[in-house]
Amino acid sequence: MGDGQFAALLELLTRVPTLSDVLDEAAALFTEGWHADGALIWQVLPEGEIVATSGYPPHLTDLGNARMPVGSGVVGRVAAEAIPVTLVDDNPRNPAHRRLLGLPPGALVSRLCVPARLPSGSVVAVVALHQHQRRVFTPGETALCQQAADLLALRIGLDTAAAFEAAQIAARDGLVAATVRAQETERRRVAADLHDGVSQAIAGLTFHLSAAAAALADGDVGYAYEQVAAARAVADLAMGETRAAISGLHSPVIDDLGLAAGLASMARVIPNLDIEVDADDVQLPAAVTTSLFRIAQEAVQNVVKHAHAQRASIQLAQRGASVMLSISDDGDGFLAPIGDGLSAGAAAGHYGLAGMVERARLIDGRLSVRSAPGEGTTIEVTVPI
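For the structure given in this document, a descriptive report is provided here. Here the structure is a predicted model, which means the values were calculated and not measured.

### Description of the sheet that holds strand β11 (residues 377–384)
Moving on, step 1. Across the sheet, five strands lie side by side as β7-β8-β9-β11-β10; this open sheet has mixed pairing. Two strands lie at the open edges of the sheet, namely β7 (274–279) and β10 (366–371), each paired on one side alone. Between one strand and the next, the sheet's axes are offset by a mean angle of 10°, whatever the strand orientation.
Moving on, step 2. In the packing of helix α8 (residues 259–268) onto the sheet, contacts are made with β7, β8 (311–319) and β9 (322–329), and the angle to β7 comes to roughly 175°.
Moving on, step 3. Seen against the sheet, helix α9 (residues 286–307) touches β7, β8, β9, β10 and β11 and runs at an angle of roughly 10° to β9.

Next up, the structure:
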């Protein structure tokens, strides 16, 4: 490869926007620069495999699924050891590799394989030149090819870093959106609790006090006393609803005693539902603890409001390297959405499920629902520790 071809390689690496096009053109430059019969560029994948992604001449572009583990074969060894290899009379045993090199049965090939290395020393690709006529690639040719391959590695590394950054930005944006949705879901839940509980209790309180005032005006002290007593009972109910709404926003029990005690405390104040709690004391980060508590809280509220259940159970346990939260009931059940329907909360108006799914995703967890009409419901959340 002369100075002109090195300049062409540098222009290629900085001018062409798409990495696949860069690799295709680079394969041609390597072939022409070293006067070889062809070149293959094998990329090193994060999964520990190398895959042929570009080749020259054109018939090598139909690469199919040419791949092998790092460390396997000549190319795999170059990727694993980060050192170049030259072979004068090579007889590849892999039939797919022989087809790529255009070798008839029994034919030998001369090869030069160099690693494309980042400054850190990691190998991101292997450039493999081949010559059908017997040839000895000199140390000078090998050193020059190594320099060109390392230049190519810089472009591959930049594209990999850019793709990783784009994925991180997308993940961050998704988490931000999920957090906002979770917050809006929480606000709607509190508003519903206040509307269904506190505001209705206040309306009842107003009714009873008005009736008591009218009875006193008529001199009916006994009836007035009954209405005041009823108003007192409604006021106690309103206080309970208010406390429930406040505890929905924050549970000091979690801060003081942990998630297991928080679940038990939450279960004790749920009216008209027998809830059995079997929760282990699992040490979790604060964000995970809070999210699991909110998921359990939302699930239990759904049971109370919609399931017509007599009994429910909450289980929290560590399973290997994960923690599992399960909420089950013996209620009406429903046709549970799955896949995108569960994620979007679009099926049958089960938007509370969508909020729970988003909460689980925020802590890198997975939520599943098992339910059928008349068979109760089980919600399970699995989170890696």
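Structure shown, so let's carry the discussion forward.
### Details of the packing of α8 against α9
Moving on, step 1. Between α8 and α9, the least distance of the axes is 10 Å, while the angle of their chain directions is 20°. Classified by the angle their axes make, α8 and α9 are roughly parallel. Seen along the crossing, α8 lies across α9 with a hand that is right-handed. Contacts between α8 and α9 involve Leu-259, Gly-262, Leu-263 and Met-266 from the first element and Thr-289, Leu-292, Phe-293, Ala-296, Gln-297 and Val-300 from the second.
Moving on, step 2. Each residue belonging to the contact of α8 with α9 can be placed in one class, and the counts come to seven nonpolar, three polar and no charged.

### So, the pairing of β10
Moving on, step 1. Alternating residues of β10 divide into Leu-367, Val-369 and Ser-371, all buried, and Arg-366, Ser-368 and Arg-370, none buried.
Moving on, step 2. Where β10 lies against β11, six bridges are found, and the strand directions are antiparallel. Counted as the bridge partner of Val-369 is Ile-379 from β11.
Moving on, step 3. The antiparallel pairing of β10 with β11 creates a hairpin that spans five residues between the two strands, and Gly-374 there sits at a positive phi of about 80°.

### Some details on the pattern of salt bridges
Moving on, step 1. Considering all chains together, one arrives at eleven salt bridges under this definition.
Moving on, step 2. One salt bridge in this structure joins Arg-15 and Glu-25, with 3.8 Å as the shortest N-O distance. With Arg-15 in helix α1 (residues 3–15) and Glu-25 in helix α2 (residues 19–33), this residue pair connects regions lying ten residues apart in the sequence.
Moving on, step 3. Here Arg-15 falls in the partly exposed class, since its relative accessible area comes to 48%.
Moving on, step 4. The residue Arg-370 makes a salt bridge to Glu-380 at a minimum N-O spacing of 3.3 Å. Taken as a pair, Arg-370 in strand β10 and Glu-380 in strand β11 lie far apart in primary sequence, ten residues in all.
Moving on, step 5. A single salt-bridge network, built from bridges that share partners, covers Glu-11, Arg-15 and Glu-25.

### A short note on the state of the cysteines
Moving on, step 1. Under the defined criterion, the tally for this structure stands at zero disulfides.
Moving on, step 2. Here Cys-145 stays unpaired: no disulfide links it, and the sulfur of Cys-113, its closest cysteine neighbor, is 9.2 Å away.
Moving on, step 3. Under the relative-accessibility criterion, Cys-145 is labelled buried at 0%.

Reading the values: the criteria
- Residues numbered from 1 in each chain as written.
- Predicted model: local features only at pLDDT ≥ 70, side-chain atom pairs only at ≥ 80, totals over all residues.
- Heavy atoms only, no water.
- Pairing = 2+ DSSP bridges.
- Helix = DSSP H or I, 4+ residues; strand = E, 2+ residues; numbered from the N terminus.
- Axes fitted to C-alpha atoms, helices over the stretch in contact; angles between N-to-C directions.
- Contact = heavy atoms within 4.5 Å.
- Parallel < 35°, antiparallel > 145°, perpendicular 65-115°, else oblique.
- Left-handed = near helix turned anticlockwise from the far one by under 90°.
- Nonpolar A, V, L, I, M, F, W, Y, C, P; charged D, E, K, R; others polar.
- Buried < 20%, exposed > 50% of the residue type's maximum accessible area, 1.4 Å probe, protein only.
- Salt bridge = Lys/Arg side-chain N within 4 Å of Asp/Glu carboxyl O.
- Disulfide = S-S within 2.5 Å.

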